[in-house]
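Chain by chain, the residues run as shown.
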Amino acid sequence: LVLINGKRRHTSALVHLNGSIGRGSTGVDLNAIPLSAIERIEVLRDGAAAQYGSDAIAGVINIVLKSGVTPPTLTLKAGSTTHDDGRLLDGSGNWGFRLGRGSVLLSAEYRDREPTNRAGNDPRDQVRPGDAGNNRVEQPNHHWGDSEEWNAMAFLDATVPLGADDSSFFYAFGGYSRREGSHGGFYRRALDARNWPQIYPLGFLPLIEPDIDDASATAGVRGTRGEWFWDLSGQAGHNRFEFHVADSLNVSLGPAVPPNQTSFYAGALVFQHLLANFDLSRSFEVGLAGPLNVAFGAEARREKYGLEAGEPASYADGGVRDQFGNVAPFGAQVFPGFRPSNEVDASRNSVAAYLDLEGDLHDLLRVGVAGRVENYSDFGSTADGKLTVRLAPHKRFVVRGAVSTGFRAPSLGQIHFSSTATNFINVPGQGLVPFESLTMPVASAPARALGAQDLKPEESLHYSGGLVVNPTDALEMTVDVYRIDIDDRVVLSGNFNQPQVQPLLRPFGANSGRFFTNAIDTETKGIEATATYRFDLSAAGTLRLGAAYSGPLGAETDGPNPYYGTRIVGTIATPPQLAGLEAVLFDRIERRRIECGQPKDSVRLSGDWSRGGWSGLVRASRYGEYCSFTALAQDDQIYDPAWLTDVELAYTRGRLTARAGAQNLFDTLPERNTPVNSFNGIQTYPSHSPFGMNGRFVYGRLTVRF
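Residues numbered from 1 in each chain as written. Predicted model: local features only at pLDDT ≥ 70, side-chain atom pairs only at ≥ 80, totals over all residues. Heavy atoms only, no water.

## Structural notes on the overall build of the chain
No. 1: When helices and strands are tallied, the chain shows six helices and 31 strands.
No. 2: Taken over the C-alpha trace, the chain has a radius of gyration of 28 Å; the compact-globule value for 706 residues is 27 Å, and the two agree within 12%.
No. 3: Based on the C-alpha atoms only, the size of the chain along its principal axes is roughly 85 × 60 × 55 Å.
No. 4: A separation threshold of at least 6 residues defines the contact pool for the chain, and within that pool the share at least 24 residues apart is 68%.
No. 5: Per element, the accessible surface of the chain, about 31700 Å² overall, is 57% carbon and sulfur.
No. 6: For the chain, the separation between the mean place of its 66 positive charges and that of its 78 negative charges on side chains is 3 Å. (Helix = DSSP H or I, 4+ residues; strand = E, 2+ residues; numbered from the N terminus. Rg over C-alpha atoms; globule rule 2.2 N^0.38 Å. Contact = heavy atoms within 4.5 Å. Areas by Shrake-Rupley, 256 points an atom, 1.4 Å probe, with all protein chains shown as cover. Lys, Arg positive; Asp, Glu negative; His and termini not counted. Charge placed at Lys NZ, Arg CZ, Asp CG, Glu CD.)

## What to know about empty space enclosed by the protein
To locate leftover empty space, one rolls a probe as large as a water molecule over the atoms.
No. 1: By the definition in use, this model includes three cavities of 30 Å³ or more.
No. 2: Here the largest cavity is characterised by a volume of approximately 60 Å³.
No. 3: What lines the largest cavity is simply Ile-4, Lys-7, Arg-8, Arg-9, Phe-155, Phe-173, Gly-174, Ser-216, Thr-218 and Gln-235.
No. 4: Of the residues contributing to the lining of the largest cavity, the split by class is three nonpolar, four polar and three charged. (1 Å grid on protein atoms, 1.4 Å probe; cavity = no way out; pocket = protein on both sides within 12 Å on 5 of 7 lines; lining within 4 Å. Points joined across faces, edges and corners; volume = space filled by probe spheres on them. Nonpolar A, V, L, I, M, F, W, Y, C, P; charged D, E, K, R; others polar.)

## Things to note about the state of the cysteines
No. 1: Under the counting rule described, the total for this entry stands at one disulfide.
No. 2: Note that Cys-596 is cross-linked by a disulfide to Cys-627, the S-S spacing being 2.0 Å. Judged by the torsion about the S-S bond (80°), the Cys-596/Cys-627 disulfide is right-handed. Within this pair, whereas Cys-596 is found in the loop between helix 6 (588-595) and strand 25 (602-611), its partner Cys-627 is found in strand 27 (residues 626-627), the two being separated by 31 residues in sequence. (Disulfide = S-S within 2.5 Å.)

## What about the layout of surface pockets?
No. 1: In this model, the second largest pocket occupies a volume close to 920 Å³.
No. 2: For the second largest pocket, the lining is made up of 41 residues, of which Asn-5, Gly-6, Lys-7, Tyr-52 and Asp-279 are closest to its centre.
No. 3: Residue composition of the lining of the second largest pocket, by class: 20 nonpolar, nine polar and twelve charged.

## Describing the side chain of Asp-213
No. 1: For Asp-213, the location among the structural elements is in strand 10 (residues 207-225).
No. 2: A distance of 2.4 Å separates a polar atom in the side chain of Asp-213 from a polar atom in the side chain of Tyr-176.
No. 3: Each residue touching Asp-213, except ones within four places of it in the same chain, is listed here: Tyr-176, Ser-177, Arg-178, His-238, Asn-239 and Arg-240. (Polar contact = N/O pair within 3.5 Å; in protein donor to acceptor, adjacent residues only side chain to side chain.)

## Regarding the pattern of salt bridges
No. 1: In this structure the tally under the stated criterion is 50 salt bridges.
No. 2: Put simply, Glu-149 and Arg-113 hold a salt bridge, and the shortest N to O gap is 3.3 Å. Placement of Glu-149 in strand 8 (residues 148-162) and of Arg-113 in strand 7 (residues 102-113) is noted, with a sequence separation of 36 residues between them.
No. 3: The class for Glu-149 is buried, based on a relative accessible area of 18%.
No. 4: Residue Arg-113 is classed as buried on the basis of its relative accessible area of 19%.
No. 5: Measuring nitrogen to oxygen at the nearest pair gives 2.9 Å for the salt bridge that ties Arg-366 to Asp-360. (Salt bridge = Lys/Arg side-chain N within 4 Å of Asp/Glu carboxyl O. Buried < 20%, exposed > 50% of the residue type's maximum accessible area, 1.4 Å probe, protein only.)

## Some thoughts on helix 6
No. 1: Those residues of helix 6 that fall on the buried side of the exposure criterion are Arg-588, Glu-590, Arg-592, Arg-593 and Glu-595.
No. 2: Those residues of helix 6 hidden inside the fold are in contact with strand 24 (566-569), strand 27 and strand 28 (638-639).
No. 3: Capping of helix 6 at its N-terminal end is provided by Asp-587; its side-chain oxygen lies 3.1 Å from the backbone amide nitrogen of Ile-589.

## Details of the environment of Gly-319
No. 1: When you line up the elements, Gly-319 lands in the loop between strand 13 (292-309) and strand 14 (344-362).
No. 2: C-alpha separation for the pair Gly-319 and Leu-504, spaced 185 residues apart in sequence, amounts to 27 Å.

## Re the side chain of Arg-301
No. 1: As for its position among the elements, Arg-301 is in strand 13.
No. 2: The class for Arg-301 is buried, based on a relative accessible area of 4%.
No. 3: For Arg-301, the contacting residues outside a window of four places in its chain are Arg-8, His-273, Leu-274, Leu-275, Arg-348, Asn-349, Ser-350, Glu-374 and Tyr-376.

## Considering the environment of Gly-661
No. 1: Tracing the backbone through its elements, the reader meets Gly-661 in strand 30 (residues 656-663).
No. 2: Separated by twelve residues in the primary sequence, Gly-661 and Leu-649 have C-alpha atoms spaced 6.3 Å apart.
No. 3: When neighbours within four sequence positions are excluded, Gly-661 is seen to be in contact with Val-647, Glu-648, Phe-697, Val-698 and Tyr-699.

Structure below.
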């Protein structure tokens, strides 16, 4: 769960359908929040659904915005990779000024980033079959790296006292962002059936170019009345994800321009929420070793999800056969537009109430209990609880532990998303015949025919325990272990096109389909440790050292299905209609994506030095091994661990601060994909590398305080 200033942040409209980490999920778009607006980030690692509701299964991230009266500050950053791409220009600023007896702080950021590309050369014939070389096509012709990106963002945070006694305040925060991007799909060669050489004689690289608008606003009043603290707020969030396609074509419209076209509007996804909260808290003396803190409140939320169709040419079948005389694929190449039949306008409501009690049962022992009940209009009610214990036998030694239940409501996108693609099947006596391949809402008739059921919330049980040790004022160490069990986890199924499902899909004009389902249960176990130490070097300045480790408990690193902390337990929940197709419902690729697709462990080492106007930072990060997403065991690949080093040197004089630095100083790149995992050597590095494939990035940054 992501909060801003303690209030729930809305999610993105995008449902991740492609083969990346998080496939099938809907998340919060943190890139819509300018870094210049953030004061600090707080992380609660205990399960917290009993306090905050859905999504807090593994904890809470709370982003605290900058606030108060501050002089105007401008920062300009410029940089580039040392591979002659990825040039970046980033400008940001803050200004906090008085408003009556209160303040308003404005933050803004502009970013323009060029793409990076680490693709290898395409060894296949490009223009004419049988010719040596690449037939005059400049290489690399594919795009394998970061997208081109343009961002403009603004945020504000305001607080104004109400009344002369300052016992209550009006507050407001929120912002708007507009972001545009561009990334290439797979290159369509000139001799590809998906191309018209009359339009693209050398072939073409189609581009997906999303436009993302994100807006949020929160306003409320809070204050004290007697012994009570109260907070009443309202909130609105909006995320619109438009899909545009450029440098493309719809083969079925023929080789003439016009009527064919090379750019398309392919449709949009929209998510909105409205939220109201009321919270009360105070302390009571009830005969314990300390006051009993009591907090309770209520929340009402309305969510809305929409899918809008693209322009007709983005999905139309023009009826023209391809350059080889076969039935042509229709729709915009790289991203066929959403059709009117895919459109949806869905909403739901939820109401919740919670109670949180915390107090000292003894001078050394603090205990907290919390409970929350919540009702959703689309799937019913949930109830969750949490117990926390904190034992402090010495002021420099603390033991803590927690156990909680939690839930994550299936997103409206997971419930209602729909898309249609067209596959061509060679039918005896008919040649290539188009069939519909569907991503189906669970309530749709074809999904029901395959046994799909209404999605349930994911349910979790979270255990955690840890130590905090401060041997000296300069040294602090923490160690925490945790276990999170999740039942009925929502995943996107594989494509069902086997002979036994054809009779089920045929009445809907389809031969293939997939849907979201509560198919799996998972278990995650891990350990996290941190240490910080502060040195006073007298005339040489101050040095702060830090170290952090995160890793699994009970990992399996050998065998065909390794897992690094998270593993799938039990059987795959499969409808009777799909009996025997468990390996399709949740296949080997998806198992590896969840169990070993992210680093086995990670290490962070840092040193931060300052003296007078000078300061410096050195940070080393180790990413552990991770695996390929492969369907066949003989193609499996385990990628080696890697160390990355970042450095920065800064100097401040008066109102100016200048910084220069390098990320990935030693130009470390991921281990290369093996030939079978690299699409003819084109996809050189794994796309899910935890540190990307850009290599060294050098930059300079100048900050001016007025």
